[in-house]
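# An overview of the molecular structure
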Amino acid sequence: MQHDQELSGGIHPLLAGRFSPGRFDPSAVVDDRTVDLLLEAARWAPSAGNSQPWGFLTSRPGEPDHGRVVRHLTPSSARWAADAGLLVAALTRSHLGDPHLPYSEFAHYDLGQAVAHLTVQAQAMGLSAHQFRAFDLHGLTSELRPNPGWEIVCLIAVGRAAGGPPERRERRSIADLRSAPWPPP
Ligand SMILES: Cc1cc2nc3c(=O)[nH]c(=O)nc-3n(C[C@H](O)[C@H](O)[C@H](O)COP(=O)(O)O)c2cc1C
């Protein structure tokens, strides 16, 4: 493992400066224009065959949908995600209604790229994003009732970070990225 100081030198500051905050400033409002720009960034992500198999539900504190999402957070994510100025539910369409009819085998891959775009756009606007799976998927799906074929994959809390990154952040080495998939020489 390598630590972040060794890692981040040379890459773009937007990437080097990104981290998933453990706390958000509850007083930082995310305005309409910012929400639109985050989705605009997601919209321009590449996808297999330009299928664009993504969909989002955005909600901010005080909006009715915010309560509908927050009530399905686990205690671990409710501690910090409910304070973020924006919660985004990220959905993908991997089937065409009928669960036996695949839509795109790359649907989850493509959604991940769209969320990466959104995350970097947030960073460029002085905000931070924390993606998370710590919610009751079944409960949230029953609550939001997406159209057939659509599935909720993750939630993203976006807002102003309260505090900086953790002191220690670890990443696998570049050598390990290259060697791990293959048998030893
Ligand atoms: C698909 C996905 C699910 C995640 N789920 C959680 C989660 O449930 N709870 C949490 O605190 N963080 C969650 N994270 C955040 C990761 O833990 C975090 O990105 C990772 O530890 C690296 O830290 P960094 O983003 O600050 O670099 C998730 C991230 C992704 C991409």
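Glancing now at the packing of aromatic side chains. Applying the stated criterion across every chain yields a total of four aromatic pairs. For the ring pair F106 and Y109, a centre distance of 6.2 Å and an interplane angle of 70° mean the geometry is edge-to-face. A relative accessible area of 40% places F106 in the partly exposed class. Linked through ring pairs, F24, W80, F132 and F135 together constitute an aromatic cluster. Sitting above the plane of the F135 ring, R133 keeps its charged end 5.0 Å from the centroid.

We now examine the site of the ligand. Neighbouring residues of the ligand: R18, F19, S20, W80, H130, Q131, F132, R133, A134, R169 and R171. At 2.7 Å from an oxygen atom of the ligand is found a side-chain nitrogen or oxygen belonging to R171. Within the complex, the protein chains bury 54% of what would otherwise be the 620 Å² of accessible surface of the ligand. Class assignment of the residues belonging to the shell around the ligand gives a composition of four nonpolar, three polar and four charged.

Here the focus is the pattern of salt bridges. Counted according to the given criterion, the structure contains nine salt bridges. The salt bridge partner of D32 is R60, with a shortest N-O separation of 2.7 Å. Taken together, the positions of D32 in helix α3 (residues 32–43) and R60 in the loop between β2 (54–59) and α4 (64–70) put the pair 28 residues apart, joining distant regions of the chain. What you see here is one network of salt bridges that share partners, running through D65, R68, R71 and E143.

All right, on to the sheet that holds β2 then. The sheet built from four strands is open, its strands ordered β2-β3-β7-β6 with antiparallel pairing. Strands with a single pairing partner mark the edges of an open sheet, and in this sheet they are β2 and β6 (128–132). Averaged over all adjacent pairs, the angle separating strand axes in this sheet is 25°, with direction ignored. For β2 and strand β3 (residues 86–93), the ladder comprises six bridges, and the chain directions are antiparallel. Note that in β3 the partner of G55 across the bridge is L91. Across the sheet, α3 lies against β2, β3 and β7 (150–159), angled at about 170° from β2, the strand it touches most.

Grouped together as the largest cluster of nonpolar side chains are 19 residues, with contacts concentrated most on L38, L86, A90, L118, I156 and V158. For this core, the secondary-structure elements that each account for two or more residues are α3, β3, α6 (107–124) and β7. Looking at this core, the element that brings in the most residues is α6, giving five residues. In this structure L86 touches V30, V35, L38, T58, S59, R60, I156, A157 and V158, once residues within four positions along its chain are discounted. Among the nonpolar cores identified, the runner-up in size contains 16 residues, and A81, L144, I152 and L155 belong to it.

Turning next to the domain arrangement of the chain. In terms of domains, the chain is made up of domain 1 (1–17 + 165–185) and domain 2 (23–164). A separation of 26 Å is found between the C-alpha centroids of domain 1 and domain 2. Taken residue by residue, the interface counts five residues in domain 1 and four residues in domain 2. Counting the surface domain 1 buries against domain 2, the share from its top three residues, L14, G17 and P165, is 88%. Run the count over domain 1 and domain 2 and you get zero salt bridges. On inspection of domain 1 and its partner domain 2, the count reaches one residue pair in polar contact (both at pLDDT 80 or more). Residue composition of the side of domain 1 that touches domain 2, by class: four nonpolar, one polar and no charged.

Conventions and cut-offs
Each chain carries its own residue numbering, running from 1 in the written order of its sequence. Predicted model: local features are reported for residues with pLDDT of at least 70 only, side-chain atom pairs are reported and counted for 80 or more only, and whole-chain, interface and lining totals are derived from all residues. Just so you know, side-chain values use all the structure's heavy atoms and leave hydrogens and water out. Between rings of Phe, Tyr and Trp, where Trp is taken as its six-membered ring, a pair exists when centres lie within 6.5 Å; planes separated by under 30 degrees are stacked, by over 60 edge-to-face, and by other angles tilted. When a residue's accessible area, from a 1.4 Å probe over protein chains only, is under 20% of the maximum for its type it is buried; when over 50% it is exposed; and in between it is partly exposed. Either the NZ atom of lysine or the CZ atom of arginine qualifies as a charge over a ring when it sits within 6 Å of the ring centre and within 35 degrees of the ring normal. In this text, near means that some heavy atom of the residue lies within 4 Å of the molecule or strand in question. Whenever two N or O atoms come within 3.5 Å, that pair is a polar contact, provided that in protein one can donate a hydrogen and the other can accept it, and provided that, for residues adjacent in sequence, both atoms are side-chain atoms. Computed with a 1.4 Å probe, the accessible areas rest on the Shrake-Rupley method; for each residue, only the protein chains presented here act as cover. The nonpolar class holds Ala, Val, Leu, Ile, Met, Phe, Trp, Tyr, Cys and Pro. Asp, Glu, Lys and Arg form the charged class, and all remaining residues, Gly among them, are polar. When a carboxyl oxygen of Asp or Glu lies within 4 Å of a side-chain nitrogen of Lys or Arg, that pair is called a salt bridge. Helix and strand assignments follow DSSP, with helices taken as H or I runs no shorter than four residues and strands as E runs no shorter than two, numbered in order from the N terminus. For two strands to be treated as a pair, DSSP must find no fewer than two bridges joining them. Helix axes are fitted only over the stretch in contact, all axes being lines through C-alpha atoms; the angle between N-to-C directions runs from 0 to 180 degrees. Note on definitions: a residue-residue contact is assigned when non-hydrogen atoms from the two residues lie within 4.5 Å. Joining through side-chain atoms within 4.5 Å is the link that ties buried Ala, Val, Leu, Ile, Met, Phe, Trp, Tyr and Cys residues into a set, and such a set is a nonpolar core. What marks off one domain from the next here is an automatic or database domain assignment. By buried area we mean the combined loss of accessible area, with a 1.4 Å probe, across both parts when two parts are placed together.

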